[in-house]
Amino acid sequence: MAGPSKTLVFILFFLGVSWSAKPISVLASVTVPDRTSEQNRITSLPEGYEPILNSSVAYKVYHDKLVSWMEAKRLCESEGARLAVADSQEIYMRLTHQSRRRIHVGVHSLFDKWVSLRDGSVLSDLQWAPGEPSGTYDCVCISTIYGHLQNSDCHNWKIHYACEVPIPQVRV
């Protein structure tokens, strides 16, 4: 049985303008969810999506269809998701173990920087396969079962893909 959520309590003092004013205390509490708590259970995920490790998103690998990176991006978005951007190489490894094939992911080049589709942040610590990135390709795929990344053609290279959705939480 998991532990309860942690509550942080803040006590603020308002000191009046004059020395004679009495301090007024204000009590505010903020609940910080414990990710393992039964009080914050995962609500239903779209069909086929599964959480992996301690990620804040659930993933679904499409290994029955070969598409370009641009088409994969469009397909994920059409179901309210986005191309998967793993928080770690370990998650990329788990995704490739599901299909044992190359998989388009939500990373692309923008002004010579590798950027996440999740939030637009610049990704500087990517686990590239040996010799990567190479060439002039602007999109990224998982290229090995070890979760290494490779840049790829955004329009013509048809491979499998993975989508992600945020994991919905419900407080009870």
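All of these numbers come straight from a predicted model, not from anything done at the bench.

### Regarding the pairing of strand β5 (residues 57–67)
Bridging between strand β4 (residues 50–51) and β5 involves two bridges; their strand directions are antiparallel. Paired with P51 across the bridge in β5 is A58. Between β4 and β5, which pair antiparallel and follow one another directly, the connecting turn spans five residues, one of which, L53, has a positive phi of 55°. Here β5 runs beside strand β11 (residues 159–166); their pairing, made up of seven bridges, is antiparallel. Each residue of the ladder has a partner; that of V61, found in β11, is A162.

### Looking at the nonpolar core
Grouped together as the largest cluster of nonpolar side chains are 20 residues, with contacts concentrated most on Y59, Y92, L95, V107, V140, I142 and L149. Those elements giving two or more residues to this core turn out to be β5, α2 (89–99), β7 (103–110) and β9 (139–142). With near-sequence residues (within four places) excluded, I142 lies in contact with Y92, L95, T96, R102, I103, V105, G147, H148 and L149. If you look at the next biggest cluster of nonpolar residues, it comprises 16 residues, including Y62, L83, Y161 and C163.

### Remarks on the side chain of S68
With respect to the helices, strands and loops of the structure, S68 is situated in the loop between β5 and α1 (69–78). With residues up to four places along the chain from it excluded, the contact list for S68 reads H104, C154, H155, N156, W157 and K158.

### Comments concerning the state of the cysteines
Two cysteines whose sulfur atoms are joined by a covalent bond form what is called a disulfide. According to the stated counting rule, one finds two disulfides in the structure shown. One disulfide bridge connects C76 with C163, the sulfur atoms lying 1.9 Å from each other. One quick way to see it: the torsion about the S-S bond of C76 and C163 is about -80°, and its sign makes the bridge left-handed. Placement of the pair is C76 in helix α1 and C163 in strand β11, with a sequence separation of 87 residues.

### Digging into the side chain of S143
Its location among the elements puts S143 in the loop between β9 and β10 (149–152). Excluding its chain neighbours within four sequence positions, the residues that come into contact with S143 are R102, A129, H148, L149 and Q150.

### Details of the confidence of the model for the protein chain
Across the protein chain, the average pLDDT comes to 76, with 72% of residues at 70 or higher. Across residues 1–41, confidence stays below pLDDT 50; counting only partners more than four residues off in sequence or on other chains, it has 64 contacts.

### Some points on the pairing of strand β8 (residues 113–116)
Where β7 and β8 come together, four bridges link them in antiparallel fashion. Looking across to β8, one finds that L110 is bridged to K113. Between β7 and β8, which pair antiparallel and follow one another directly, the connecting turn spans two residues, one of which, F111, has a positive phi of 55°.

### Re the packing of aromatic side chains
Here the structure, examined in full by the defined rule, presents two aromatic pairs. Both rings, one in Y62 and one in Y161, keep their centres 4.7 Å apart while their planes meet at 10°; by these two values the pair is stacked. On the criterion of sequence distance, the pair formed by Y62 in strand β5 and Y161 in strand β11 is long-range, its members being 99 residues apart. Y161 matches Y62 in its accessibility class, with the two residues each being buried.

Analysis parameters
Residues numbered from 1 in each chain as written. Predicted model: local features only at pLDDT ≥ 70, side-chain atom pairs only at ≥ 80, totals over all residues. Heavy atoms only, no water. Pairing = 2+ DSSP bridges. Helix = DSSP H or I, 4+ residues; strand = E, 2+ residues; numbered from the N terminus. Core = buried A, V, L, I, M, F, W, Y, C linked by side-chain atoms within 4.5 Å. Buried < 20%, exposed > 50% of the residue type's maximum accessible area, 1.4 Å probe, protein only. Contact = heavy atoms within 4.5 Å. Disulfide = S-S within 2.5 Å. pLDDT = per-residue confidence, 0-100. Phe/Tyr/Trp six-rings, centres within 6.5 Å; stacked < 30°, edge-to-face > 60°.

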